[in-house]
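Report on the structure
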Amino acid sequence: MRERPERDGAAVDGRPERQTVSVVIPTLNEEKNIAWVLERMPPIVDEVILVDGHSSDRTVQVARAIRPDIVVLTQNCRGKGDAARVAFAAATSDLIVMIDADGSMDPAEIHRFVTPLMNGYDFVKGSRFLAGGGSTDLTALRRSGNQMLVRLTNSLFLVRFTDLCYGFISFRRERLPDLALTAHGFEIETELVVHALKANLRIAEVPSNELPRRCGTSNLHTFRDGQRVLRTLIRERVVRRPRPVVDPIDHRVLHRWQPLAAKAASPALSEVAHS
């Protein structure tokens, strides 16, 4: 079993020990994109966790062929938020980075998200609107919607963010309980940021360059997911107590669990029969 390094202050021969890094990747039918992402993982990444949303293509097989040590999980429900929560709970490293599977986020930028965590920050969010960042993928509609939501977030929570609806983020694993995540869909990106604010975490924004998705069509629905983000912002501003987690279990997961449940129940039934 791999030994975990101590926190920043610990040292070996007078040198600080390196923090370990887990990268989590929510996926759904990204067979043509996942190889590009995995092949560009920098050496600082210790663990890659892929959470598959019941893909109907060869996403998982391609991922395992490119990176045999990858940890593959299947989410129990649907949506990016559920996939992210499953991956975060399974991560074992000190630092967790979330990146998309469609090639729109360059793994070469991971160092930008790890370095602030190694220098006292708890949570790091990417921004396409800081100097050094940018996007060749944002449509005029998505750009204006994002700007409106950024201004609303800054007004509601008295901050000065430059970006909001962007899922390239990182945080210290020890802060996961503070984030108290419940979201199921794309609003997870907003929930992560707002819960980091409400938990008084030390937050950094770093520049990031968004690329066009390499192949296929996005699972994002501009109006529907924009409304979910808006509802999340309003709810989080009004509600103080944590939202309960209610997961709608996918029928395919129930089918997979059924034999396991029957197997677990059979010894107990045998004991009753012989008593």
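Below is a summary of the structure that appears in this document. Computed from a prediction, not measured in an experiment: that's the story for all the values here.

1. With respect to the sheet that holds strand 3 (residues 21-27)
Reading across from one edge, 5-4-3-6-9-7-10 is the order of the seven strands in this open sheet, with mixed pairing throughout. Sheet topology places strand 5 (71-74) and strand 10 (203-207) at the edges, where each strand pairs with a single neighbour. Across this sheet, the average inter-strand angle for adjacent strands is 20°, counted without regard to direction. Taken together, the four bridges between strand 4 (residues 47-52) and strand 5 define a ladder with parallel strand orientation.

2. Section: the packing of aromatic side chains
Under the criterion given, the structure shown has three aromatic pairs. Geometrically, the ring pair formed by phenylalanine 88 and phenylalanine 171 is edge-to-face, given 5.0 Å between the ring centres and 90° between the ring planes. Placement of phenylalanine 88 in helix 3 (residues 80-90) and of phenylalanine 171 in strand 9 (residues 169-172) is noted, with a sequence separation of 83 residues between them. For the residue pair phenylalanine 88 and phenylalanine 171, the accessibility class agrees, reading buried in each case. Considering the side-chain rings of phenylalanine 123 and phenylalanine 171, the 6.5 Å spacing of their centres and the 10° angle between planes classify their relative orientation as stacked. Of the two residues, phenylalanine 123 sits in strand 7 (residues 123-127) while phenylalanine 171 sits in strand 9, which places them 48 residues apart along the sequence. The class for phenylalanine 123 is buried, based on a relative accessible area of 0%. Among the residues examined, phenylalanine 171 registers a relative accessible area of 0% and is labelled buried. Following the ring pairs from residue to residue traces out a cluster consisting of Phe88, Phe123 and Phe171. A cation over an aromatic ring shows up here: lysine 125 above the ring of phenylalanine 161, its NZ or CZ 4.6 Å from the ring centre.

Rules of the game
Residues numbered from 1 in each chain as written. Predicted model: local features only at pLDDT ≥ 70, side-chain atom pairs only at ≥ 80, totals over all residues. Heavy atoms only, no water. Pairing = 2+ DSSP bridges. Helix = DSSP H or I, 4+ residues; strand = E, 2+ residues; numbered from the N terminus. Axes fitted to C-alpha atoms, helices over the stretch in contact; angles between N-to-C directions. Phe/Tyr/Trp six-rings, centres within 6.5 Å; stacked < 30°, edge-to-face > 60°. Buried < 20%, exposed > 50% of the residue type's maximum accessible area, 1.4 Å probe, protein only. Lys NZ or Arg CZ within 6 Å of the ring centre and 35° of its normal.

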